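Fold and geometry: a report
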Amino acid sequence: MDKEIMMRKVTFEIKRKMIQVAAFGYSNLYLGNFLEGRLYKGKWKSFCNPGMNCYSCPAATTACPIGAMQAVNGSIDFKTSFYVWGMILAFGVVLGRAVCGFLCPFGLIQELLYKIPFSKKKLWKGFTWIKYILLVVFVLMLPVVKTNAVGSGAPAFCEYICPVGTLEGGIPLLSTHPELRRVIGTLFSVKMVILVITLVGCLSICRFFCKVMCPLGAIYGLLNKVSLFRMDVNMGKCIHCGKCTHVCPMDVDPVKTPDSAECIRCGKCVSACPKKALKLGMR
C-alpha cells in the first residue's frame, strides 16, 4: 500500500510540475529580452495571465491581472474593465484556486525556493488575512481615491508593494539600464526590503507569498466554494488518519474544509490518502 501511495504521489506531482513549467514557459516566451533590457509589447500583452507574472518582466508574454485591474480602477473615468474582471472571475469560477496550484508562474518559483535547504516554519494563520487587506486597500481602493492632477490613479499594489514586480521587472531592467539606476529613490529601497522578506519567507514557509500577500490568490480563494473544479470527500472511506493534512502545503485540513479559501487544489492530499477518500475533479 505504501509503495502504491508513493507511486501515486510521484506520478501526480510530475504531471502537475509539467503543467506548471508549461504555464511558466508560455507566460515568459521572450527570454532574450533580459539581455537587451526591453519589454515585449505585442498583441499578447492585451491579454491577462491567469497567475502572477509582472507586465514589466522583459520575458513576459501577457499582462498581470492585478496590474490590469488597478489600471482600469484608476483610469480617469473610473470605469472598470469588464474584460479584466470577467477573465479573473471566469478562471475563478471554473478553477478556483487551482490556478495558483497549476498555472501561476510565481507559484512555481515559490515551490522551487522552498526546496532549498533552510529552516522550515509554520505560518500563524492570522497572517493569511493580510492578502485580503492588500486586495481591498491597495488594489481596489487606492487607485480610485488617490489620483493625480488629471484624475488618474496609481497602481498602488504594483508601485508600493509587489515583490513579484521587483524581482521580475525592477531588478532585470535596472541591471540593463544605467540611466534608471541614477534615479533610484527610497521607494525602491522599501520594495527591495519587501522582496527580501518575501524570498526569505518563501525559503522558510511553503508558498509564503500565496498565503500572506497575493491579492489574486485572495480573489480565487473566495471563489473556491463555487468553482467547478473542486475537492470531494467520501466520509464513508475516510479513516481520519491525518495524512492529507500533514502533506498540505497550505496548512489546510481537506476533510474538515475541502472548500477552504487557502486550498490551491494541488492534489497532494489526494495522492497521500491511503483509502482514496479524497477526489479532485469537476462538479
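Preceding this paragraph is the structure being described.
Residue numbers restart at each chain and count upward from 1, following the sequence in its written direction. At least 70 in pLDDT is required for a residue's local features to be given in this predicted model, at least 80 for side-chain atom pairs to be given and counted, and no such filter applies to totals for whole chains, interfaces and linings, which use all residues. Each side-chain value is worked out from all heavy atoms of the structure, with water and hydrogens disregarded.

Quick look at the overall build of the protein
Every helix listed is a DSSP run of H or I at least four residues long, and every strand listed is a run of E at least two residues long, numbered separately from the N terminus. A count of helices and strands for the protein gives 15 helices and two strands. Against the globule reference of 19 Å for 283 residues, the protein gives a C-alpha radius of gyration of 20 Å, in line with a compact fold. With the C-alpha coordinates aligned to their principal axes, the bounding extent of the protein is approximately 65 × 40 × 35 Å. Burial statistics for the protein: of 283 residues in total, 48% are counted as buried. Put simply, 73% of the contacts in the protein that link residues at least 6 apart link residues at least 24 apart. Only four residue types enter the charge count: Lys and Arg as positive, Asp and Glu as negative, with His and the chain ends excluded. To locate a charge, take atom NZ for lysine, CZ for arginine, CG for aspartate or CD for glutamate. Looking at charge distribution, the protein has the averaged site of its 35 positive side-chain charges lying 3 Å from that of its 14 negative ones. Using C-alpha atoms as the atom set, the radius of gyration is obtained and then compared with a globule rule of 2.2 Å times the number of residues to the power 0.38. Each residue is assigned to one of three classes by its accessible area relative to the maximum for its type, calculated with a 1.4 Å probe on protein chains only: buried under 20%, partly exposed between the two thresholds, exposed over 50%. Should any heavy atoms of two residues lie within 4.5 Å, those residues are counted as being in contact.

Side note on empty space enclosed by the protein
One way to see where empty space is left: roll a probe the size of a water molecule over the atoms. Buriedness of a pocket was judged along seven lines, with at least five required to meet protein on both sides within 12 Å; pockets are open sets of points on a 1 Å grid over the protein atoms alone, cavities are sets where a 1.4 Å probe fits but cannot get out, and lining residues have an atom within 4 Å of a point. Grid points are joined across faces, edges and corners, and a volume is the space filled by probe spheres set on the points. Inspection of the entire model under this criterion finds two cavities of 30 Å³ or more. There is about 90 Å³ of room inside the largest cavity. Basically, the charged four are Asp, Glu, Lys and Arg, the nonpolar ten are Ala, Val, Leu, Ile, Met, Phe, Trp, Tyr, Cys and Pro, and anything else, Gly included, counts as polar. Tallied by class, the residues present in the lining of the largest cavity amount to 10 nonpolar, one polar and two charged. Here the second largest cavity is characterised by a volume of approximately 50 Å³. As for the second largest cavity, its lining consists of G51, M52, R97, V99, C100, C104, C210, C214, L216, G217 and Y220. Sorting the residues of the lining of the second largest cavity by element identifies α5 (98-102) and α13 (215-222) as the ones contributing at least two each. The greatest single-element share of the lining of the second largest cavity, amounting to three residues, is contributed by α13.

Quick notes on the side chain of N53
With respect to the helices and strands, the residue N53 is situated in the loop between α2 (33-36) and α3 (65-73). Here N28 takes part through its side chain, which lies 3.2 Å from a polar atom of the side chain of N53. Beyond its immediate sequence surroundings of up to four residues, N53 is in contact with S27, N28, A60, A63, C64, P105 and E168. Identification of polar contacts relies on pairs of N or O atoms within 3.5 Å, with a donor-acceptor requirement for protein atoms, meaning one able to donate a hydrogen and the other able to accept it, and with residues adjacent in sequence counted only if both atoms are side-chain atoms.

Focus: the pattern of salt bridges
Take a side-chain nitrogen of Lys or Arg and a carboxyl oxygen of Asp or Glu: if they are within 4 Å of each other, that pair is a salt bridge. Within this structure, the stated rule accounts for 13 salt bridges. For K17, the salt bridge identified is with E13, shortest N-O distance 3.1 Å. With a gap of four residues between them, K17 and E13 both fall in helix α1 (residues 2-27), about one helical turn apart. Residue class for K17 comes out buried when judged on its relative accessible area of 18%. Connected via shared salt-bridge partners are E13, R16, K17, E111 and R207.

Remarks on the packing of aromatic side chains
Stacked, edge-to-face and tilted are the three classes for Phe, Tyr and Trp ring pairs, Trp counted by its six-membered ring, which pair at centre distances within 6.5 Å; planes under 30 degrees apart are stacked, over 60 edge-to-face, the rest tilted. Applying the stated criterion to the full structure yields seven aromatic pairs. Judged by centre distance (4.2 Å) and plane angle (10°), the rings of Y30 and Y40 are stacked. Of this pair, Y30 sits in the loop between α1 and α2 while Y40 sits in the loop between α2 and α3, placing them 10 residues apart in sequence. According to the relative accessible area criterion, Y30 is partly exposed, its value standing at 29%. Accessibility expressed as a relative area gives 13% for Y40, which makes it buried.

Some thoughts on the environment of N28
Tracing the backbone through its elements, the reader meets N28 in the loop between α1 and α2. Apart from the residues lying within four places of it in its own chain, the contact partners of N28 are N53, C57, A59, A60, T61 and P105.

Here's the deal with α13
Among the eight residues in α13, seven count as buried, and that is most of the element. The complete set of buried residues in α13 reads P215, L216, G217, A218, I219, Y220 and G221.

Focus: the environment of L103
Following the sequence through the fold, L103 ends up in the loop between α5 and α6 (105-114). Placed 52 residues apart in sequence, L103 and G51 show a C-alpha to C-alpha distance of 6.2 Å. Not counting the four nearest positions on each side in its chain, L103 is found in contact with I19, A23, N49, P50, F91, L95 and A98.

Topic: the state of the cysteines
Each disulfide consists of a covalent bond between the sulfur atoms of two cysteine residues. Counting rule for disulfides: a pair of cysteine sulfur atoms within 2.5 Å. Counting across every chain of the model gives zero disulfides. Of all cysteine sulfurs, the one in C64 lies closest to C48, which takes part in no disulfide; the gap is 7.7 Å. Looking at C273, it has no disulfide partner, and the nearest cysteine sulfur is the one in C241, 6.1 Å off.

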